Amino acid sequence: MRSFIYLLMVGALATAGAGPQASGTGGTIDVTVLDPSGAAVSNAQVTLSNKVSGFKRSVQADAAGAGRLTNLPPNQYHLEVSASGFQLYTQDVAVRGTVPVTLSVSLQLAAAATQEVEVHSDAADLVESVPTAHVDVDRSLFADLPRQSPGAGMSDVITIAAPGVAADSNGMFHPAGDHAETGFSIDNQPITDQQSKQFSNQMPLNIIQSFEVISGAAPAEYGDKASLVINAVTRSGLGSTKPFGDFHTSYGSFGTPALESSLGWGGKHYGEFVAFNSTRSGRYLDTPEFTPLHDVGNNQQFFNRFDIQPDQNDSFHLNLFLARTWFQIPNTWDQAVTGQDQRQKLLSYNIAPGWVHTFGAAMVVTFSPYLRQDQVSYYPSDNPFSDLPATVAQRRRLMNLGAKTDVSVVKGHHNVKVGVQAGRYFLRESFDLGVTDPAFNAVCVDAQGQPSAAPGITDPGNCGTAGFVPNQGFLPGLLPLDLTRGGSLFHFFGRRDVDQAAVFAQDSITYGGLTANVGLRWDWYNGLVRDTGWQPRVGLSYLFKPTSTVLRISYSRFFETPYNENLILSSSTGVGGLSQNQFGAFGVNPLKPGRRDQYNAGFQQGIKKSVVIDADYFWKYTHNAFDFDTLFNSPIQFPIEWRKSKIDGVSVRVNLAPVHGFSAYTVFGHTRARFFGPENGGILFNSPLVFDVFRIDHDQAFEQTTNLRYQRGKDGSWINFTWRFDSGLVVGRVSTAADALALTPNQQTSIGVYCGTQVATPAAPITGCPSGQPFGSTLVHIPAPGTFDPDHNPARVAARNLFDLGVGNDNLFHSKDSHHWTLQLSALNLTNHVGLYNFLSTFSGTHFLTPRSYRAEIGYVF
């Protein structure tokens, strides 16, 4: 198996060195336009569109009547062919893979028409008979959506546009009740490492043509982390008849200037697309206080895609991506007083060639090697004792070298794909930690239970001689790292290579309105442990065309591997490890792959000519369920696993295609995420595992997003309104009134703890509340006394409604050609609602929502 992986890697490097390569994810439609006699019709206009996703593209037939549409996202499309002197031709066509769709269109003479031809679509054209729940998002949709988090545009769009996704801080999102089980496929390159901006530099939105969000029953070609799969197609200059691009500059609240630019050009046999972006913000990360403190960050991104198509049977492309991010770690009020100055730098690059070869009209072979790396450097303050409660440093590198190759065959009712994927992850981790706050792991407490510095005392047995009592929460393993008690910095360095390989086969069988997806995948994992797993996938859907209804059902099994970020440290044992006696954690075993059984059932319903309702129920049962725990309130996170999880829920999307300039969609979801101990791995200084079963902090009873948009004319003025409601994620540290009373004065102030008419302040915290007085928090819902239940009635972040508004014009000076200026004004959190994503979460920390902010953007498009 190891030799097999090496062979694929050598092939990947050889291909990368041979010259520019090409993409295989985008589909192709070849159209030949003929007149009734069979002669070619030159200059015919061929237009492809999808009303639901907003996709639209046109090409003009050449002298031989041939027109080619390339780099098409997988979807159902409506094709129109028009030419002077001929009737309009229409046809629905599906693009489901890399095998080209070849069409011969015979136009009828206009003189043969006895009445005016009226083009209309049926509601059944809006639905898809596929067993997989998914959402298609095109550039026309996400261009005007609000941007919540600098450097995380794709995450913002996924959170807003996909159902069943719970929003979290710093552009993170929780797909269908999981923490971060999301996989990406960018032009056929699989990426399963974390893509939120704490871990990596995310690919920017302005390089994406469209992406498909698969939320249920992922086909067998997708493995590893597949609760949500993002299948994206990047922009290309191949086939361009003239240069195109855009330049946008903006300025917003918190001192946030930004530049986004792109340029593409090409011809029939080659294409070039380049993008460069840069942004800076005074609120780069979500903050532990409502007011940003020490939160400046900047980000630069460069992307290049080069295409060559020497003939009709071969195409090549090369994707290059380079990005840098630097940001300060936001402070709490307490940390601001000491002058804490922690920072992080992220460097990322990605090299992804690809080759596609077509055998006739029914078979396609793709080969997609790749090399990517994320390098993270975390810097402490110059003075270690300025850092609270600990001084931390990290240098981590994650490199991935691999390749994916597959063969697709379309024959009769079958659309078959078989393939192989293999790669190696090179992990390097360096980590330093020293406790700088004497109260963080106090040996003794006073009579009121408050931590005491108790100078010179390192043995709880000696607390009594100094008039104190032993601290029951004291962790002896942290004492050697306590710089306030004579300890020294803990230092860890680890390196490990993780090998993975997979073989898959899948077939989409279509017969009339019935579609059956069957697949089988086998994964091999050789990391800190070795394991393998078979994964059958099966799904059925049926289209009732008279009622425009699709019913679907599916079963999937997944082999999930541990997160690679900080995997070595989180799994270490022995000297310098993470055992309770040595380091304060509650697990010492290497993280093992998990197995998930997933069931989905859903439907699509088309209504009239413009409305689609898509609903899906999911139930997931996982052995070895993965999560992260966060070190204090930093971006440093460590993978952990729970014995099992049971997650179920509902996700729904209702879409209104454009009608007289008005369009809308709403997505909502309900999730129950139940996790079962014991927990393994990570650095859990205060483990939440005191219950056998509990709701984890990515459990949310209800979330919804509604987007309303109106545009006057094709490119006139527009208005975009977004309403987001979240019922609140689970909070684990404030489950009772006693927990709230034990918070520090600043923590009580942050979440608005009150007793009667008294509200906590830093100078006057609430230390008790008489019986009969109303007690609670404005930002955290604390269960009533005696009603707390970790599984059925946990504490939660308070529910919130957020409203965003954007207005703009896509052709500011009414230009008659393709060159035009654009203007956009937007406002986030219109009501300036003060709310939380999470509070003192072991898995996320504390983060406030973005305060009301404004942004103005002007652009030039050609």
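The coordinates are above.
Just so it is clear, the structure is predicted and the values come from calculations on it, not from any experiment.

Draft legend 1. Spotlight on the sheet that holds strand E6 (residues 89–95). Reading across from one edge, E3-E2-E5-E6 is the order of the four strands in this open sheet, with antiparallel pairing throughout. Strand pairing shows two members of the sheet lacking a second neighbour, strand E3 (56–60) and E6, which therefore form its edges. Between one strand axis and the next, the sheet turns by 20 degrees as a mean value, whatever way the strands run. Of the strand pairs in this sheet, strand E5 (residues 75–82) and E6 are connected by seven bridges, and their pairing is antiparallel. Pairing of Leu-79 across the sheet is with Gln-91, part of E6.

Draft legend 2. A look at the environment of Asn-793. Here Asn-793 lies in the loop between strand E42 (780–781) and strand E43 (795–797). In the structure, Asn-793 is positioned ten residues away from Pro-783 in sequence and 7.0 Å away in space, judged by C-alpha atoms. Residue contacts for Asn-793: discarding those within four places in its chain leaves Pro-783, Thr-787 and Phe-788. Reaching out from Asn-793, the side chain makes a polar contact with the backbone oxygen of Thr-787 at a distance of 2.9 Å.

Draft legend 3. Looking closely at the pairing of strand E47 (residues 845–848). On E47, burial covers both faces: Gly-845 and His-847 on one face and Thr-846 and Phe-848 on the other are all buried. Bridge count between strand E46 (residues 836–841) and E47: three bridges; the pairing is antiparallel. When the sheet's bridge partners are listed, Leu-836 is paired in E47 with Phe-848.

Draft legend 4. Inspection of the sheet that holds strand E11 (residues 182–186) at higher detail. Spatially, the five strands line up as an open sheet ordered E8-E13-E14-E11-E12, and their pairing is mixed. What marks the edges here is a single partner per strand, and that holds for strand E8 (134–138) and strand E12 (189–191). Taken pair by pair, the neighbouring strands of this sheet meet at an average axis angle of 15 degrees, ignoring direction. Across five bridges, E8 lies against strand E13 (residues 208–214) in antiparallel orientation. Counterpart to Asp-136 in the pairing with E13 is Glu-212.

Draft legend 5. Highlighting the nonpolar core. Of all hydrophobic cores here, the largest spans 33 residues; its most connected members are Val-137, Phe-142, Val-157, Ile-158, Phe-211 and Ile-230. At five residues, the largest contribution of residues to this core is made by helix H3 (residues 153–161). Ranked by size, the runner-up nonpolar core spans 31 residues in total, among them Leu-285, Val-376, Tyr-378 and Phe-559.

Draft legend 6. Layout of the environment of Thr-249. Within the fold, Thr-249 resides in strand E15 (residues 244–252). Excluding residues within four positions of it along the chain, Thr-249 makes contact with Ala-258, Ala-856, Glu-857 and Ile-858. A distance of 3.5 Å separates the side chain of Thr-249 from the backbone oxygen of Ala-258, its partner in a polar contact.

Draft legend 7. A look at a nonpolar patch on the surface. Side chains of Phe-662, Leu-708, Tyr-710, Ile-719, Leu-805, Val-807, Phe-813, Trp-821, Leu-823, Leu-825 and Ile-858 sit close together on the surface and give an oily, nonpolar patch of about 910 Å² of accessible area. Mapped onto the nonpolar patch, the elements with two or more residues apiece are strand E36 (703–711), strand E44 (800–809) and strand E45 (820–828). A per-element tally of the nonpolar patch places E45 first, with three residues. One can find Leu-823 in strand E45. What makes Leu-823 partly exposed here is its relative accessible area of 32%.

Draft legend 8. Inspection of the state of the cysteines at higher detail. Tallied over the entire structure, the rule returns two disulfides. The disulfide partner of Cys-444 is Cys-463, and the gap between their sulfur atoms is 1.9 Å. Between Cys-444 and Cys-463, the S-S dihedral sits near -85 degrees, and the bridge is therefore left-handed. Taken as a pair, Cys-444 in strand E24 (residues 444–445) and Cys-463 in the loop between strand E25 (451–452) and strand E26 (469–470) lie far apart in primary sequence, 19 residues in all. Of the two residues, Cys-444 and Cys-463, both sit in the buried class. Each sulfur of the disulfide joining Cys-755 and Cys-769 lies 2.1 Å from the other. Between Cys-755 and Cys-769 the sulfur-sulfur dihedral comes to about 85 degrees; the bridge is accordingly right-handed. Of the two residues, Cys-755 sits in strand E39 (residues 753–755) while Cys-769 sits in the loop between strand E40 (758–759) and strand E41 (775–777), which places them 14 residues apart along the sequence.

Draft legend 9. Region of interest: the pattern of salt bridges. Summed over the entire model, instances satisfying the criterion amount to 32 salt bridges. A salt bridge links Glu-221 to Lys-417, with the nearest nitrogen and oxygen atoms 3.3 Å apart. With a gap of 196 residues between them, Glu-221 in the loop between E13 and strand E14 (228–234) and Lys-417 in strand E23 (residues 414–435) connect regions that are remote in the sequence. For Lys-417, a relative accessible area of 13% corresponds to the buried category. The shortest N-O distance in the salt bridge between Arg-343 and Asp-341 comes to 3.7 Å. We classify Arg-343 as buried; its relative accessible area is 17%. A residue is classified by how much of its surface remains accessible, and Asp-341, at 28% relative accessible area, is partly exposed. One salt-bridge network, held together by shared partners, links Arg-674, Arg-695, Asp-699, Asp-791 and Arg-796.

Draft legend 10. Region of the structure containing the side chain of Thr-28. With respect to the secondary-structure elements, Thr-28 resides in strand E1 (residues 27–34). Relative accessible area serves as the criterion here: at 13%, Thr-28 is assigned to the buried category. In this view, Thr-28 contacts Arg-68, Leu-69, Thr-70, Leu-72, Pro-100 and Val-101; residues no more than four positions away in its chain are not counted.

Draft legend 11. Quick look at the side chain of Gln-704. Following the sequence through the fold, Gln-704 ends up in strand E36. Here Gln-704 falls in the buried class, since its relative accessible area comes to 6%. Separated by 2.8 Å, the side chains of Gln-704 and Thr-706 make a polar contact. Side-chain polar atoms of Gln-704 contact the backbone oxygen of Trp-723, separated by 3.4 Å. Ignoring any residue separated from it by four or fewer positions in sequence, one finds Gln-704 in contact with Thr-666, Val-667, Phe-668, Trp-723, Arg-724 and Phe-725.

Draft legend 12. Structural context of empty space enclosed by the protein. Enumeration according to the criterion identifies 13 cavities of 30 Å³ or more in this entry. Quantified by volume, the largest cavity comes out at close to 640 Å³. Taken together, 38 residues line the largest cavity, and the ones lying closest to its centre are Arg-147, Ser-149, Pro-150, Thr-279 and Arg-855. Going through the elements one at a time, H3, E15, strand E16 (256–266), strand E17 (270–281), strand E18 (297–308), E45 and strand E48 (853–861) are the ones with two or more residues in the lining of the largest cavity. For the lining of the largest cavity, the per-class residue count stands at eleven nonpolar, 21 polar and six charged.

Each value, and the rule that gives it
- Residues numbered from 1 in each chain as written.
- Predicted model: local features only at pLDDT ≥ 70, side-chain atom pairs only at ≥ 80, totals over all residues.
- Heavy atoms only, no water.
- Pairing = 2+ DSSP bridges.
- Helix = DSSP H or I, 4+ residues; strand = E, 2+ residues; numbered from the N terminus.
- Axes fitted to C-alpha atoms, helices over the stretch in contact; angles between N-to-C directions.
- Contact = heavy atoms within 4.5 Å.
- Polar contact = N/O pair within 3.5 Å; in protein donor to acceptor, adjacent residues only side chain to side chain.
- Buried < 20%, exposed > 50% of the residue type's maximum accessible area, 1.4 Å probe, protein only.
- Core = buried A, V, L, I, M, F, W, Y, C linked by side-chain atoms within 4.5 Å.
- Patch = residues over 30% accessible without salt bridge, like charges linked within 9 Å, V, L, I, M, F, W, Y side chains within 5 Å.
- Areas by Shrake-Rupley, 256 points an atom, 1.4 Å probe, with all protein chains shown as cover.
- Salt bridge = Lys/Arg side-chain N within 4 Å of Asp/Glu carboxyl O.
- Disulfide = S-S within 2.5 Å.
- 1 Å grid on protein atoms, 1.4 Å probe; cavity = no way out; pocket = protein on both sides within 12 Å on 5 of 7 lines; lining within 4 Å.
- Points joined across faces, edges and corners; volume = space filled by probe spheres on them.
- Nonpolar A, V, L, I, M, F, W, Y, C, P; charged D, E, K, R; others polar.

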